[in-house]
Amino acid sequence: MTQTHDRLLIIDFGSQVTQLIARRLRELNVYCEIHPYQNVSDAFLKDFAPKAIIFSGGPDSVMREGSPRPPKAAYAMGVPILGICYGQQVMMHDLGGKVEAGEHATAEFGRAYVTPTDKRDDLLTGWFMDGTGREQVWMSHGDHVSEIAPGFEVLGTSPGAPFAITADRTRHFYAVQFHPEVHHTPNGKTLYENFVKLAGFTGDWTMGAYREEAIRLIREQVGDKRVICGLSGGVDSSVAAVLIHEAIGDQLTCVFVDHGLLRQNEADEVVSMFRDHYNIPLIHADESELFLGELEGQSDPETKRKIIGKLFIDVFQKHADTIDGAEFLAQGTLYPDVIESVSFSGGPSVTIKSHHNVGGLPEKMGLKLVEPLRELFKDEVRALGRELGLPDSFIGRHPFPGPGLAIRCPGEITREKLDILRKADAVYIDQIRKHGLYDEIWQAFVAILPVRTVGVMGDGRTYDYACALRAVTSVDGMTADYYPFTHDFLGETATRIINEVKGINRVTYDITSKPPGTIEWE
Ligand code: XMP
């Protein structure tokens, strides 16, 4: 793809927090990509033509034979380089300094404080200004630099890292021992801001620019062929669909598979938005009978997920086959999925849950992929959605999993339980909205439990289902904390659900974080 914006290259040496570097840069309207060090050859560097380079941290030791290295050509490109933690050590080692192993003291993990030396540099504009004369930073290193490379000078020190911040100001090479990308380095963003400024970035990575460019690239890729898009009603596939429609109009057809596991009014909302509001050709495949039939009697979570995943592909294919001349399949793949699949450590390890997507389809159907969101993070997708005029109420919607209510109904799925669940969920979300909490919460939903409990209503005995309310805060769904509702809120919501939803007589609140729990119940 031909790009028109300035690009920054992050060479990944395997740090757990490399993605956060990219986040910080994107927040500064700087376009960057993460590539594992093994993939960064001289030819790659030339082709990528970065305006600056960042070396990430990593778990290895530069003193180990065969440990990761950037290509030597990186130092000869004449562009600024920032080395972080392992990246600092590798830079010092490559350029003639010395690194020592941690066992001789100076390993540091956690909060530390850096103080400036008498050297000043634009990299530190805005640092050391709060009156304490020092900056809190986050350290996480075993090895440390014991001698800096020729041409470097020390800009900041900490008790465990005499070379906490170093710079070769002629070549604009910077190296820091701590992690400026993490939250625990509160002023870290300023350091990145200074770095990209001195590298000459103009902040040209805006959603307006992205939209124009993505439209041009989609037109270039698709030509006069047809594209099909599986629409789930979630933000990613919806933004992808609207963007592609803007690029190629009616050459796009969307297929919305309704598996009967959607929330209250969800199918109507999605269909009316796309068909009526955007005028996008849409096949509404109501296949609830099929899905619910196949799921009957199944209670194992993985079996349920696999049945849904397989049926989804079959149904999608059946409908896609009716669209003449489709050569492309559009998907709302995001950048974190792309990084994961090429990650330093070789991608995902243990399968916790089989995530459901339309993977496998392109090969089976001989389709090529159109993935206009592959370079974006979730919040950027939301910004693009706003840019494209999708209503805020839609863009701000909590994520909803592909297998839908099936994984919020532990045990056997019945229509009766699904009906009860839909109603309880609607009351709960209504409560959250009424209290103005919706946007503070990453995801909130009700799970109906496979257990009935005894209660008393009026003068009568009840024997109905128990349900669990779930609400979490999260940045990316990978980790999460339960949301600290007030007791008043919980009490009021429980009362409403029990009064308004026939079939539920007990409400609990799930206070598990992730890990050790997961967000969904299955
Ligand atoms: P867990 O339950 O694994 O969920 O903590 C993390 C996030 O992923 C969503 N999720 C899914 N999304 N297909 C999806 O598209 C799936 O199979 C799936 N399973 C979980 C979940 O809702 C949460 O936002």
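Residues numbered from 1 in each chain as written. Predicted model: local features only at pLDDT ≥ 70, side-chain atom pairs only at ≥ 80, totals over all residues. Heavy atoms only, no water.

Participant: Account for the packing of helix H5 (residues 207–222) against helix H12 (residues 378–387), naming residues and giving values.
Facilitator: The interhelical angle for the contact between H5 and H12, taken along N-to-C directions, is 80 degrees, at an axis separation of 9 Å. As the angle between them shows, H5 and H12 are arranged roughly perpendicular. Across the interface between the two elements, Met 207, Gly 208, Tyr 210 and Arg 211 of H5 pack against Glu 380, Ala 383, Leu 384 and Glu 387 of H12. Residue classes in the contact of H5 with H12 are distributed as 4 nonpolar, 1 polar and 3 charged. (Axes fitted to C-alpha atoms, helices over the stretch in contact; angles between N-to-C directions. Helix = DSSP H or I, 4+ residues; strand = E, 2+ residues; numbered from the N terminus. Parallel < 35°, antiparallel > 145°, perpendicular 65-115°, else oblique. Contact = heavy atoms within 4.5 Å. Nonpolar A, V, L, I, M, F, W, Y, C, P; charged D, E, K, R; others polar.)

Participant: Can you explain the side chain of Thr 18? Please cite residues and give values.
Facilitator: Within the element layout of this structure, Thr 18 appears in helix H1 (residues 18–27). Within the local environment of Thr 18, its side chain forms a polar contact with the backbone oxygen of Ser 15, the two atoms lying 3.3 Å apart. Among all residues touching Thr 18, those that are not within four sequence positions of it are Ile 10, Asp 12, Ile 34 and Ser 56. (Polar contact = N/O pair within 3.5 Å; in protein donor to acceptor, adjacent residues only side chain to side chain.)

Participant: Describe the domain arrangement of the protein chain, with residues and values.
Facilitator: By the assigned domains, the protein chain splits into domain 1 (7–198), domain 2 (207–395) and domain 3 (414–509). Between the C-alpha centres of domain 1 and domain 2 the distance comes to 38 Å. The partner domain 2 presents 10 residues to the 14 residues of domain 1 that form the contact. Of the roughly 1,100 Å² buried at the junction of domain 1 and domain 2 (both faces included), carbon and sulfur atoms supply 55%. Considering only the surface of domain 1 that becomes buried against domain 2, Gln 19, Arg 23 and Arg 26 emerge as the three largest contributors, covering 47% of it. Summed over the shared surface of domain 1 and domain 2, the number is 2 salt bridges. Note that Asp 379 is salt-bridged to Arg 23, the shortest N-O span being 2.5 Å. Where domain 1 packs against domain 2, one counts 5 residue pairs in polar contact (both at pLDDT 80 or more). (Domains from an automatic or database assignment. Buried area = accessible area lost by both parts, 1.4 Å probe. Salt bridge = Lys/Arg side-chain N within 4 Å of Asp/Glu carboxyl O.)

Participant: So, the sheet that holds strand S16 (residues 368–370): which residues are in play, and what are the values?
Facilitator: The sheet built from 5 strands is open, its strands ordered S14-S13-S12-S15-S16 with parallel pairing. One side of each edge strand has no neighbouring strand; the edge strands of this open sheet are strand S14 (282–286) and S16. Across this sheet, the average inter-strand angle for adjacent strands is 30 degrees, counted without regard to direction. Each of strand S12 (226–231), strand S13 (252–258), strand S15 (326–330) and S16 touches helix H6 (residues 235–248); the most contacted strand, S12, lies at about 160 degrees to it. Across the face of the sheet, helix H7 (residues 266–277) comes into contact with S12, S13 and S14 while running at roughly 165 degrees to S14. (Pairing = 2+ DSSP bridges.)

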